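# Remarks on the overall topology
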Amino acid sequence: MTSLFAIVDCNNFYASCERVFNPALNGRPVVVLSNNDGCIIALSNEAKALGIKMGTPYFQARPQLEKDGVAVFSSNYELYGDMSRRVVETLQQFTPNLEVYSIDESFLDLGDFYKIDLQSYAKTIKETVFQWTGIPVAVGVATTKTLAKVANRLSKKSTKADGVLVLTDERHIEAALKRTDVGSVWGIGRRYATKLAGLGIHTAWDLRNVTDGFAKKHLTVVGLRTVKELRGESCMELEHMPPAKQNICTSRSFGETLTELTDLEEALATHTVRCAMKLRKQKSCAGVITVFLMTNRFTEQHYYYSRTIKLDSPTSSELDLLRHATRALKQLYRPGLQYKKAGVIVSDIVPANQVQLSLLSSQNTERDTKLMHVLDDLREKYGNKFVKYGVQGTGKKWQLKEEHISACYTTDLSGLLKVG
DNA sequence: TCTGGGGTCCTAGGACCC
DNA sequence: TCTGGGGTCCTAGGACCC
């Protein structure tokens, strides 16, 4: 029984989301910026054609963006998250065996679909998603996830394929792998690509033909799996239910550099609350909390300052976590430093129902748990800003720079009032 | 002046134990 | 002077993904 996977990948996802609600942008170059309007993280095809590169700092690209009339957006994750959900719901019409791999990619298990015409089936998926959501996607089909990724990538490059490529024929696979740089293979990053080039491996086809021993020696067991997948031997299963996260991190750069303890406290308190909410959402508790502060990593050698605290017993209460985060911050803080970013990481994560309570704290814990339920419900109904702590402050100073944010078309009803 | 955020997995080496 | 060997746990660092 051979496996069969499709990967559905949204084209230039964030840029496409902006377009869905602003059709005047069709045919125009569009870019989307990272948090704080820092870097370019998404480009429409027209923007790519202008030679603009992913990851370029906004301030560097700005002259060209203005000259070429590129539409620029701050990232709007509320909008992208909602559009992502719509795409997934559409895909679920095709199969329940689906893995949401990232905000803009899903794997579909087509294990039993060999008998059907895969080419026209994949085309139907693509057309349906566009019809229902307005998001253009590309579909790659193959016997392993890694080969499906290759197919997906090539489907976007060929006008003949037009966003749909089924890669099951051995001759086609060979041709496809010969046309794929080794660095474009899923699992081979920049470092490995450079290393492999030094060893005479330049294409995906070269990589497919190395020995197992070579792969393991130079790329570890992870790379060996990639090589096997290129040969058509499926080593990566579909993951229906993503496992609970083992670390959860919430961090942001500040809109401007901060020096005062109280400003840092406000920012960190907000990150801590969000971290606790993520923790509770996956029904976990954390045994360790780390607070970090960063100064300018581009100009200073020592820019990362962190403090890790082991908790008496794992918790998901933001009251507990706030107390420890504040204590850690006070130990970390040095007057006179120009801080650019702060964050909270919780780790040593265990399922909430497995937490052993220490006898002394159990009464508090029970009360906290009830309180957290109430807070989560209120935030669900009225939004995150509805319930805030004094220590979170007004946030004016540290909040993100978002000079080009679009409206939350899909979730924000107040937008309708403004228009009407 | 400006340069994102949030994750995973593997390996090597040191600490520690018997 | 000499100072085994094997197992486990933890951490830091390095690689990758979107």
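Residues numbered from 1 in each chain as written. Chains lettered and ligands numbered in written order. Predicted model: local features only at pLDDT ≥ 70, side-chain atom pairs only at ≥ 80, totals over all residues. Heavy atoms only, no water.

- Within an unreviewed UniProt entry, the label attached to chain A reads Y-family DNA polymerase, and the organism entered is Pontibacter populi.
- Taken directly from UniProt, the Sequence similarities (unreviewed entry) text for chain A runs: "Belongs to the DNA polymerase type-Y family." (UniProt positions renumbered as here; feature names shortened; annotations may be inferred.)

### Regarding the sheet that holds strand β2 (residues 30-33)
- Reading across the sheet, the 3 strands line up as β3-β2-β4 and stay open at both edges, with mixed pairing between neighbours. Every other strand in the sheet has two partners, leaving β3 (40-43) and β4 (71-74) as the edge strands with one partner each. Going across the sheet, the axis of each strand differs from the next one's by a mean of 25°, ignoring polarity.
- Along the sheet face, helix α1 (residues 13-20) touches β2, β3 and β4 and points at about 115° away from the line of β2. (Pairing = 2+ DSSP bridges. Helix = DSSP H or I, 4+ residues; strand = E, 2+ residues; numbered from the N terminus. Axes fitted to C-alpha atoms, helices over the stretch in contact; angles between N-to-C directions. Contact = heavy atoms within 4.5 Å.)

### Description of the protein's contact with DNA strand B
- Taken together, 23 residues form the shell around DNA strand B, and within it S34, C249, S251, R252 and S253 come nearest.
- Between DNA strand B and Q246, the relevant distance is 3.0 Å, taken from a phosphate oxygen to a main-chain nitrogen or oxygen of the residue.
- For DNA strand B, a phosphate oxygen lies 3.4 Å from a polar atom in the side chain of K340.
- Of all elements in the fold, only α10 (212-230), β9 (248-258) and β12 (339-351) reach the threshold of two or more residues within the surface near DNA strand B.
- Top contributing element to the surface near DNA strand B by residue count: β9, with 6 residues.
- Of the residues contributing to the surface near DNA strand B, the split by class is 8 nonpolar, 9 polar and 6 charged. (Near = heavy atom within 4 Å. Polar contact = N/O pair within 3.5 Å; in protein donor to acceptor, adjacent residues only side chain to side chain. Nonpolar A, V, L, I, M, F, W, Y, C, P; charged D, E, K, R; others polar.)

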